[in-house]
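# Breakdown of the fold
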Amino acid sequence: MKWYGILILFLFVNLISAQVKDSLNIPITNTAVSDTSSPKENNIDKKSKKYDVEAVIYATSSDSLFYDVTNKKMYLFGKGDLKYKDTELRGGKISIDYQKNLLEASGVVDTSDTAKVKLKETPVLTENGETYEGKMLLYNFKTTQGYISMAKNQEQDSRYEGDEVKKVNQNTYFVKNGMFTTCDEKDPHTYFTANEMKVIQNDKIIAKWILMWIGGVPLPIPLPFAVIPNQSGRRSGVIIPTYGEISNRGQYFRNFGYFLALSDYYDLTLTGDYYTKGGYGLRSRFRYAKRYDFNGSINAGYSKIIIGEPSDPNRTEQTDWNFSLYHNQDLNPTTRLDANLQFMSSTFLSNNAVDYNDLLSQDIISNATFSKRWDESGNYLVINYSRTQNLQSGNIYETLPSITFTKNLTYPFKSDNSLSTSNQKWYEQIAYNYTGQFVNRRNKINGALSIRGGIQHNLAFSASPKIGYFNVSPRINYTEKWYNKRLKIENHVVAVKDPKSGQISYKDSTVNRDINEINSVRTFDLGVSASTKLYGIFQPNLFGIEAFRHTLIPSISYSYQPNFANDNWGYYDSYKKADGTIVRYDKFNREVFGGAPSGERQFLNFSLGNVFEIKTLKDPADTNRLDDNKIQLLNLTANIGYNFAADSLKFSDLSLSYRTQVGKLFDFSGSSSYTFYDFKDGLKINKFLASEGKGLFRLTNFNFSISTNISGSKKQTPAKSTKKTKEETEEEGFNAFKKADYITLYNDNQPVDFTIPWNLSLSYNYNLSKPTPNEATKFSNLSLNMSFNLTEYWKFTIRGSYDFERKEITAPQITIYRDLHCWELNFTWNPTGYYRGYRLEIRMKAPELQDIKVTKSGGLYSGRR
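The notes below deal with the structure included here. In every chain, residue numbers begin from 1 and rise along the written sequence. In keeping with the predicted nature of the model, local features appear solely for residues at pLDDT of at least 70, side-chain atom pairs appear and are counted solely at 80 or more, and the whole-chain, interface and lining totals rest on all residues. To get the side-chain values, all heavy atoms of the structure are used, and hydrogens and water are removed first.

Another aspect to go through is the environment of Thr143. Among the structural elements, Thr143 can be located in the loop between β10 (136-140) and β11 (145-154). Judged by relative accessible area, which is 40%, Thr143 ranks as partly exposed. Distance from Thr143 to Val168, taken between C-alpha atoms, is 8.5 Å for residues 25 residues apart in sequence. The helix count covers DSSP runs of H or I at least four residues long, the strand count covers runs of E at least two residues long, and both are numbered beginning at the N terminus. The buried label applies to any residue whose accessible area, calculated with a 1.4 Å probe on protein chains only, is under 20% of its type's maximum; exposed applies above 50%, and partly exposed to all values in between.

This part is about empty space enclosed by the protein. Each cavity reported here is a set of points on a 1 Å grid over the protein atoms alone in which a 1.4 Å probe fits but cannot get out, each pocket an open set with protein on both sides within 12 Å along at least five of seven lines, and each lining residue one with an atom within 4 Å of a point. Grid points are joined across faces, edges and corners, and a volume is the space filled by probe spheres set on the points. Across all of its chains, the model carries three cavities of 30 Å³ or more by this definition. Counting residues per element, the ones that place at least two in the lining of the largest cavity are β10, β11 and β12 (159-167). Each residue receives one of three labels: charged for Asp, Glu, Lys and Arg, nonpolar for Ala, Val, Leu, Ile, Met, Phe, Trp, Tyr, Cys and Pro, and polar for the others, Gly being one of them. Partitioned by chemical class, the residues of the lining of the largest cavity number eight nonpolar, one polar and two charged.

Without a salt bridge and with relative accessible area above 30%, a residue can belong to a patch; like charges are then joined within 9 Å and nonpolar side chains (Val, Leu, Ile, Met, Phe, Trp, Tyr) within 5 Å. Per-residue and other accessible areas were derived by the Shrake-Rupley procedure at a 1.4 Å probe size, with only the shown protein chains allowed to occlude residues. When a carboxyl oxygen of Asp or Glu is within 4 Å of a side-chain nitrogen of Lys or Arg, the pair counts as a salt bridge. On the surface, a nonpolar cluster with roughly 650 Å² of combined accessible area is contributed by Tyr274, Tyr280, Leu282, Ile298, Tyr302, Trp321 and Phe323. Mapped by element, the contributors of at least two residues to the nonpolar patch are β22 (280-290), β23 (294-307) and β24 (316-332). Its location among the elements puts Phe323 in strand β24.

Attention now moves to the side chain of Thr551. With respect to the secondary-structure elements, Thr551 resides in strand β35 (residues 545-561). Beyond its immediate chain neighbours, meaning those up to four positions away, Thr551 contacts Leu534, Tyr535, Gly609, Asn610, Val611 and Glu613. We call two residues contacting when some pair of their heavy atoms lies within 4.5 Å.

Moving on, we get to the environment of Lys277. With respect to the helices and strands, the residue Lys277 is situated in the loop between β21 (266-275) and β22. Considering only alpha carbons, one finds Lys277 and Asn248, 29 residues apart in sequence, at a separation of 8.3 Å. The contacts of Lys277, once residues within four sequence positions are left out, are Ser247, Asn248, Arg249, Gly250, Ile306 and Glu309.

The next point concerns the packing of aromatic side chains. Side-chain rings of Phe, Tyr and Trp (the six-membered ring for Trp) are treated as a pair once their centres are within 6.5 Å; stacked means planes under 30 degrees apart, edge-to-face means over 60, and tilted covers the remaining angles. One pass over the full model with this rule turns up 32 aromatic pairs. Where Tyr191 meets Trp213, the ring centres are 5.6 Å apart and the plane angle is 10°; that geometry is what we call stacked. Highlighted residues: Tyr191 in strand β14 (residues 190-200) and Trp213 in strand β15 (residues 204-214), separated in sequence by 22 residues. The class for Trp213 is partly exposed, based on a relative accessible area of 21%. Connected via pairs of aromatic rings, a cluster forms that spans Tyr642, Phe644, Phe651, Tyr674, Phe676, Tyr677, Phe688 and Phe697. Criterion for a charge above a ring: Lys NZ or Arg CZ within 6 Å of the ring centre, and within 35 degrees of the ring normal. For the cation-ring pair, Arg291 lies above Tyr292, with the distance from its terminal atom to the ring centre recorded as 5.9 Å.

Turning our eyes to something else, we now look at the pairing of β35. A regular strand places its side chains so that they alternate between the two faces of the sheet. Pairs of strands are assigned from DSSP output, requiring at least two bridges between the strands. With six bridges connecting them, strand β33 (residues 504-531) and β35 associate as antiparallel partners. Bridge pairing in β35 places Gly527 opposite Ser559. Both strand β34 (residues 534-538) and β35 contribute to a ladder of five bridges, which runs antiparallel. Within β35, the residue paired with Leu534 across the bridge is Leu552. In this structure, the hairpin formed by β34 and β35 is closed by a connection of six residues, where Asn541 is found at a positive phi of approximately 55°. Pairing analysis gives 16 bridges linking β35 to strand β38 (residues 601-616), with the strands arranged antiparallel. Bridge pairing in β38 links Tyr560 to Gln602.

So, about unusual backbone geometry. The peptide bond linking Leu400 to Pro401 adopts the cis configuration, its omega dihedral lying at -10°. For Pro401, the position within the fold is in strand β28 (residues 396-410). Although it is not a glycine, Lys79 sits at a positive phi angle of roughly 50°. With respect to the helices and strands, Lys79 occurs in strand β3 (residues 73-84). A positive phi angle is found at Tyr292, which is not glycine, with a value near 65°.

Glancing now at the nonpolar core. Take the buried residues of types Ala, Val, Leu, Ile, Met, Phe, Trp, Tyr and Cys, join any two whose side-chain atoms come within 4.5 Å, and each joined set is a nonpolar core. Counting 41 residues, the largest nonpolar core has Met74, Leu82, Leu89, Tyr160, Phe180 and Met197 as the members making the most contacts within it. Filtering out sequence-adjacent residues up to four positions away, Leu89 remains in contact with Gly80, Asp81, Leu82, Ile94, Leu103, Ala105, Pro123, Val124, Leu125 and Leu137. Membership of the second largest hydrophobic core comes to eleven residues, among which are Val439, Phe564, Tyr572 and Val592.

So this is what it looks like as structure tokens:
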């Protein structure tokens, strides 16, 4: 018979009130009993009485509840369940002593197994999200102190056990003969034992004389003490260094430092390296983040690399540094700031980088952008800073700043009554857009600094009327550039006397100099284009093909631009060479937006696009497919132009572009160009190949790319519960950083995904350039990225490329991962090249124990983490 605490507790409260009103001041109730007294009465009671129990106690049992009113005790038999505040106790036998404020719980003998004495329904205590199990439990609900025998505690990713557990306050436990493990097996593969342990909830576990057990075998040397984190999320802690030796730097310890979790919004990392031959390195990282607002980091590093002994004549000392700033912020819904700034010495990455891709980097690119848009008007403002540093040459190309204002396409004559283009007047389709840009460029090439600036305005007018089946688009573009400098080239004829013959010759000596003055360059061009679409459909209804469609997209355009090199425009100047030749030059060709184009252009361009598609027959039995399956077989476009204003070589090269894609399996794209003109002495001449009997045209460039990406079917994994505790929700809301981030400071690799059994990415690139019949440059490259699961716990990854022209493999890399349950093995090998090397590491998976590892490395990875 099942007894419920609802009725019993209600009767018990009334009985206590009648018989022991003055001696027992503990309110016991359950979900069916509510406090109906007024707030005033409650206040009087709280002031006049001292309750040991400060909240409602809920009690249930499957067998019986027994109350000893005289001794003020209560007993629960058979799967008892007691709830008080954040504490819940379950057990086969539970007793409560209200005079001593004690809970006592124990299991009951399992009579179903007579062969041996076995307990069932052993006590389980849950408090503040932590669960403790044991054979016997004593608990004082007033002092929150307690005792558990043969106890164990299971947390999210770890557990600890002990012969005896004593709770001394709300968050502190002492464990005798304790065991701690992050392995979720009943018999863990790896665990730690200690005679004495101190557990502080949501903080740490402190133990002394610790033995580490692997596969049931203890390591021979115990640790005198250890402090193990027992808290999720970020926290301050020491970053354990790596140890080893590099032949030219000596023995080292690297990446030793400290992580400071200063708050939920920012943290600081300080690390350093030391080499016995005198080298050292210092690094720092300050991160900040506010969810849905901004985030970023500031990084700085300094290193001094010493190679050789003090008495070595080839001894070298090299100092490197770096500074970087990352910041992303939404100032408001229409304003954003993004910055990625990096400054460093040219050899910093080669001497200090950890990532393989960083070691292969040739350029360091910095960028900072402030953007603002106005939704109502469609205007847009962008302020940008950019910097490119070449690590090989040391040249720096910098733009400080670039300011661009754009006014979107606007129809000034459009009326509000025009709902569609069909009922619009011709003048209502006239539109304009404006772009203004200011650029200040600073280039430091071979140590020489050059500063150039300018402002450019671009105003474009266009329209898009439809005449019959043709879309006609006239346009006019006007560009104006403002500069504060112009180029002046002066030629000085120098007489040179031959010391042997005595003859005098004259040579040119040109001098380039900048003239500081305000100038403007005004140019314009105009044009018109027309296009249409033609469709051809064939319906065979054979071999699963319902229809074949060919879409033909012809377009023709005409553009005109005057010759701005004429003296009338004033944008060109000239100088005279020693032989009397007049050389004309653009006075503004050095400026940031360039000068004025030379030569008149009357260009007629013709383009023909072809799209070939098929539609497969629909399977009547397939009721899940709602739409027809359309497949694009080929997209082919041909383009050619004719310049009426050119005095020769009027035809442009014929260019073809093509692309086809077969689902997600196969992608092919390429282009080629052909010339109609003959060559002589390496120069194109005004004679057609056909007239010389050499065919209609000649190939000048051909390139194509083939790529594929295939993978096995993704394995279905059991769905995990998305329900989060209150603590997890609060932590996710306030904490914008990754958990245990100081552990993975130098290892940002994502967890290995075993759900995809295999994946293969292949790409082949080919390029042939033949600017002249006797000159050809060829490039042919095959890239591979393959990963596969050898077994359920082995994963291999192979990546690299092969250069067919050099006949060599470039940047190959092989990685192997082995899941060892609570351990993991990582092996990385670069077999060839300048950055060849290997790294083998076996370490524990748990973030708080990842510094327990065995590492062996060589080549590139020596001393790197």
